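Each chain, letter by letter, is given below.
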Amino acid sequence: LAVESDFLDLVLAWSESSDEEADRSGVSLHDDNDWMSSLLQSPLFSRLPPANIRQLFIRFTAQKVQADEVVIRHGERGDYFYVLESGSATVIDPSGKILAALRPGNYFGEEALVGETSRNATVKMLTPGKVMRLNKEDFRELLQEPVLRYMTAEDLRNRPLDATPYQIIDVRLPLERRVQSVPGSRNIPLNQLRNNVKNLDFNHIYLVTDDSGRRCDVAVHLLSQAGFDCYILRDSESCYAGI
């Protein structure tokens, strides 16, 4: 059996980023009537340069939605990033299980854009409302690229002794690690990352190995969304002998 590697990378990024127990709300709410304020209080958006935030609000386009309308559907390609401006919605898995409730200021749809995969859940409106959407190209330019930061093994070796401690995370499946992995790295498969966020330390820097393909981009996005200081470890395969 031969599987084209880029196709396998896409499948893994899609399937591993899906988590039935995940809370996909994205942000904590303080004012249901002010979606912009709620959005800007998210750790993910707090990392953006002011110029990017200004452009984001310029490039968002509004779309009215009706009760029971499906905004994104499981299995479809991801073309837009969404923020709920008004109304309420639910996130539903393929079996029909409700994963999360969305309220004004909550955002969704970013994982399919980061991982370049299809949607891993359905978002359906409970009430009439309005969503703000951002196309894929604008999302990558203004939101994804500024969040993705990189570090090399050389950077790690040259860090001062009193620098913030770091932890290397490998988001591949345990089976993939059996061949080789970065010594000292902690294995948290991508589909378990959300549930393990509560066990991570905000006093550490987290580096996600890039040997997991698109999954490392999704992992860094999720960690940044949770408020952690994180990077992608470049050329991590060269570190298999040790850093």
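Here's a quick rundown of the structure. (Residues numbered from 1 in each chain as written. Predicted model: local features only at pLDDT ≥ 70, side-chain atom pairs only at ≥ 80, totals over all residues. Heavy atoms only, no water.)

**Some words on unusual backbone geometry**
Reasoning step 1: In this model, Glu116 sits at a positive phi of 55°, which is unusual for a non-glycine residue.
Reasoning step 2: Within the secondary structure, Glu116 is located in the loop between helix H5 (110-115) and strand S7 (122-125).
Reasoning step 3: Positive phi, normally seen in glycine, also occurs at Asp235, with a value near 50°.
Reasoning step 4: Locating Asp235 in the fold gives a position in the segment after strand S13 (229-233).
Reasoning step 5: Given a relative accessible area of 52%, Asp235 falls into the exposed group. (Helix = DSSP H or I, 4+ residues; strand = E, 2+ residues; numbered from the N terminus. Buried < 20%, exposed > 50% of the residue type's maximum accessible area, 1.4 Å probe, protein only.)

**What to know about the packing of aromatic side chains**
Reasoning step 1: Taken as a whole, this structure holds 12 aromatic pairs when the rule is applied.
Reasoning step 2: Members of the aromatic cluster, each reached through a chain of ring pairs, are Trp35, Phe45, Phe57, Phe60, Phe81, Tyr107 and Phe139.
Reasoning step 3: Directly above the ring of Tyr80 sits Arg133, whose terminal nitrogen or CZ lies 3.9 Å from the centroid.
Reasoning step 4: Lying across the ring of Tyr150, Arg234 places its NZ or CZ 3.9 Å from the centre. (Phe/Tyr/Trp six-rings, centres within 6.5 Å; stacked < 30°, edge-to-face > 60°. Lys NZ or Arg CZ within 6 Å of the ring centre and 35° of its normal.)

**Quick look at the environment of Gly242**
Reasoning step 1: Structurally, Gly242 is set in the segment after S13.
Reasoning step 2: In this structure, the C-alpha to C-alpha distance between Gly242 and Pro183, residues 59 residues apart in sequence, is 5.7 Å.

Keep in mind these numbers describe shape, not what the thing actually does.
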